[in-house]
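As a plain string of letters, each chain reads:
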Amino acid sequence: GAVGGGRLLTTQVSRAEFEKQGAAMLGPDAGAILALYPSGSDAQEAARARGHDGTMMSGAAWIASRRAHTLRPVYYYDFEHVMPGAEAAAYGSYHSSELPYVLDTLHALNRPWTESDYRASAVAQAYWVNFIKTGNPNGGALPQWTAFDPVSNEVMGLSEAPHMRPITQPARAQAFLRAFTRPN
């Protein structure tokens, strides 16, 4: 993700810059949200965590707002498996990094793949195939993936060992939901 001006989160981010960017993005809720992401003078990790949580919680708010209008469950996930390579430490798992795993195209990328990658790919493919066939990702020996419920705020942590988990800490989740559901 970017901190602003195209700077990737691979460089130091001052607390002042973190707060300035947060204020621009979060408006009147910035103070309450940013206080939940403490840091020293280097706020790089706080910026990453806030960016991840904000992205995931905006999806959660969107799902919650549409639940009343649909009878179909929504299955929400956070891909946790980190693709191997030189940039793995800097980027971790990122938006769209699940695609080669789900689409069985690891072979098309020149990466130092391990058995862990192939297991994560097999798990992701199994969930997607089940969902395509039935509208539900569950089946076989896969761990249970529960439909998203804004009250529990849990997503499937997709990896070679998939598991349900909260998106973030409860106080952070509630602060983002207040910000994202505030009337304009």
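Bear in mind that the values here come from a model prediction, so they are computed numbers and not experimental data.

Caption draft 1: A look at the packing of aromatic side chains. Using the criterion set out here, one finds 11 aromatic pairs in the structure. Measuring from ring centre to ring centre gives 6.2 Å for Tyr 75 and Phe 131, while their planes differ by 75°; the resulting arrangement is edge-to-face. Taken together, the positions of Tyr 75 in the loop between α3 (44-66) and β3 (77-79) and Phe 131 in helix α6 (residues 115-134) put the pair 56 residues apart, joining distant regions of the chain. Ring geometry for Tyr 77 versus Trp 145: centroids 6.2 Å apart, planes at 80°, classification edge-to-face. Taken together, the residues span a long stretch of sequence, with Tyr 77 in strand β3 and Trp 145 in the loop between α6 and β4 (154-158) at a distance of 68 residues.

Caption draft 2: Representation of helix α7 (residues 170-181). With 12 residues, α7 should reach 16 Å at 1.5 Å per residue; the first-to-last C-alpha distance of 16 Å fits that figure. On the buried face of α7, the contacting elements are α1 (15-26), α2 (30-34) and α3.

Caption draft 3: Structural context of the pattern of salt bridges. For the coordinates displayed, the defined rule picks out eight salt bridges. In this structure, the salt-bridge partner of Arg 48 is Glu 45, at a minimum N-O distance of 3.9 Å. Of this pair, Arg 48 and Glu 45 both sit in helix α3, three residues apart, which is roughly one turn of the helix. Owing to a relative accessible area of 22%, Arg 48 belongs among the partly exposed residues under this scheme. Exposure remark for Glu 45: the relative accessible area of 53% places this residue in the exposed category. The residue Asp 53 makes a salt bridge to Arg 172 at a minimum N-O spacing of 3.6 Å. One end of the pair, Asp 53, is in helix α3; the other, Arg 172, is in helix α7, with 119 residues separating them in the sequence. Take Asp 53 and Arg 172: they sit in the same class, and that class is buried. Within this structure, Asp 78, Glu 80 and Arg 165 form a network of salt bridges that share partners.

Caption draft 4: Focus on the sheet that holds β4. Sheet architecture is open: three strands sit in the order β3-β4-β5, paired in mixed fashion. Edge positions in the open sheet fall to β3 and β5 (163-166), since each of these has one partner strand only. If you compare each strand with its neighbour and ignore which way they point, the axes differ by 40° on average. Alignment of β4 against β5, held across four bridges, turns out to be antiparallel. Note on β5: the bridge partner recorded for Glu 154 is Pro 166.

What counts and how
Residues numbered from 1 in each chain as written. Predicted model: local features only at pLDDT ≥ 70, side-chain atom pairs only at ≥ 80, totals over all residues. Heavy atoms only, no water. Phe/Tyr/Trp six-rings, centres within 6.5 Å; stacked < 30°, edge-to-face > 60°. Helix = DSSP H or I, 4+ residues; strand = E, 2+ residues; numbered from the N terminus. Expected span 1.5 Å × (residues − 1). Contact = heavy atoms within 4.5 Å. Salt bridge = Lys/Arg side-chain N within 4 Å of Asp/Glu carboxyl O. Buried < 20%, exposed > 50% of the residue type's maximum accessible area, 1.4 Å probe, protein only. Pairing = 2+ DSSP bridges. Axes fitted to C-alpha atoms, helices over the stretch in contact; angles between N-to-C directions.

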